[in-house]
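# A structural walkthrough
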Amino acid sequence: NVGPAADGTIPAIFWDRLLGIGDWLKVNGEAIYATTPWKVAQNETDAGAYYTLKGNTLYALVTRWPKNNQLTLRAPTPTENTRVRMLGLDEKKESELAWARLLDTNRGRLEDAGIVIAVPALTPDVIPCQHAWAFAISNIADHANEDSGGAAAMQIL
């Protein structure tokens, strides 16, 4: 909670938190403003990812940096037209990120089981923000008719 003291002033620690939230929103506001929760996997939050949706772009907000710079998301199903980018990288680096389909064997046949995103190796001086990072994933398979209760879990390796 952030609130003023009895005399109306905002204590320094709260002021610092508000500035931090503002800095984070400057980088990741695209994944927050005018979005809706993605109902397919919105409740799969125990693995460190939260999803929002705007148009044909799914945003994965990740609260833990992936090990080995490989982010594995089991809920979104990519298509041949899927594009992935990380919000907040400067224009030269904010090109599309490499990704691969995550496949699983189900009853003897290969099925899509998610997406693996190659996250750029970033040092503290170039990482776009702290605490959580947003990935914009456009053109995923349509999940509109799927039951959100049976959605696959999201996992970060």
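Residues numbered from 1 in each chain as written. Predicted model: local features only at pLDDT ≥ 70, side-chain atom pairs only at ≥ 80, totals over all residues. Heavy atoms only, no water.

## Comments concerning the overall build of the protein
Test applied: Per the convention used, a helix needs a DSSP run of H or I reaching at least four residues, while a strand needs a run of E reaching at least two, with both numbered from the N terminus. A 1.4 Å probe rolled over the protein chains alone gives each residue an accessible area, and that area as a share of the maximum for its type sets the label: buried under 20%, exposed over 50%, partly exposed in between. Here, two residues are considered to be in contact whenever any of their heavy atoms come within 4.5 Å of each other. Computed by Shrake-Rupley with a 1.4 Å probe, the accessible areas treat only the displayed protein chains as cover when residues are assessed.
Regarding its fold elements, the protein presents one helix and eight strands. Seen in sequence order, the protein has helices and strands lined up from the N terminus as α-β-β-β-β-β-β-β-β. Evaluated residue by residue, the protein yields a buried proportion of 38% over its 157 residues. Put simply, 63% of the contacts in the protein that link residues at least 6 apart link residues at least 24 apart. Surface exposure of the protein reaches about 9400 Å², of which carbon and sulfur atoms provide 52%.

## Looking at the sheet that holds strand β4 (residues 70-73)
Picture the strands of a sheet paired through backbone hydrogen bonds; they go either parallel or antiparallel. Rule in force here: A pair of strands is considered paired only if DSSP assigns at least 2 bridges between the two. The convention used is that axes are lines fitted to C-alpha atoms, helices contributing only their stretch in contact, and that angles between N-to-C directions extend from 0 to 180 degrees.
With antiparallel pairing, the three strands of this open sheet are ordered in space as β4-β7-β6. Two strands lie at the open edges of the sheet, namely β4 and β6 (99-106), each paired on one side alone. Here the strands of the sheet are splayed against their neighbours by 35° on average, with no regard to which way each runs.

## Considering the pattern of salt bridges
Which entries qualify depends on this criterion: Salt bridges are identified by distance alone: a Lys or Arg side-chain nitrogen within 4 Å of an Asp or Glu carboxyl oxygen.
In the structure shown here, the tally under the stated rule is three salt bridges. Note that D23 is salt-bridged to K26, the shortest N-O span being 3.9 Å. Note that D23 and K26 are positioned in helix α1 (residues 12-28) at a spacing of three residues, about one turn of the helix. On the basis of relative accessibility, which here comes to 69%, the residue K26 falls in the exposed class. Here E30 makes a salt bridge to R85, at a shortest N to O gap of 2.3 Å. Remark: R85 occurs in strand β5 (residues 78-86) and E30 occurs in the loop between α1 and β1 (36-37); sequence separation between them is 55 residues. On the basis of relative accessible area, R85 is assigned to the partly exposed category, the value being 27%.

## Quick look at the side chain of T82
The line we're drawing: Side-chain atoms alone can form a polar contact between residues adjacent in sequence; in general such a contact is a pair of N or O atoms within 3.5 Å, and within protein one must be able to donate a hydrogen while the other accepts it.
Locating T82 in the fold gives a position in strand β5. Overall, T82 belongs to the buried group, its relative accessible area being 1%. A polar contact is formed between the side chain of T82 and the backbone nitrogen of T79, at a distance of 2.7 Å. Within the local environment of T82, its side chain forms a polar contact with the backbone oxygen of N139, the two atoms lying 2.8 Å apart.

## Some details on the packing of aromatic side chains
Definition in use: In summary, the pairing rule links any two rings of Phe, Tyr or Trp, Trp by its six-membered ring, whose centres are within 6.5 Å, and it sorts them by plane angle into stacked for under 30 degrees, edge-to-face for over 60 and tilted for everything else.
Scanning all chains against the criterion turns up two aromatic pairs. When the centroid spacing of 5.1 Å and the interplanar angle of 70° are considered together, the rings of W38 and Y51 count as edge-to-face. One end of the pair, W38, is in the loop between β1 and β2 (49-54); the other, Y51, is in strand β2, with 13 residues separating them in the sequence. As far as the burial class goes, W38 and Y51 line up, both buried. Ring geometry for W65 versus W133: centroids 5.2 Å apart, planes at 80°, classification edge-to-face. One end of the pair, W65, is in the loop between β3 (57-62) and β4; the other, W133, is in strand β8 (residues 133-140), and 68 residues separate them in sequence. Given a relative accessible area of 27%, W65 falls into the partly exposed group.

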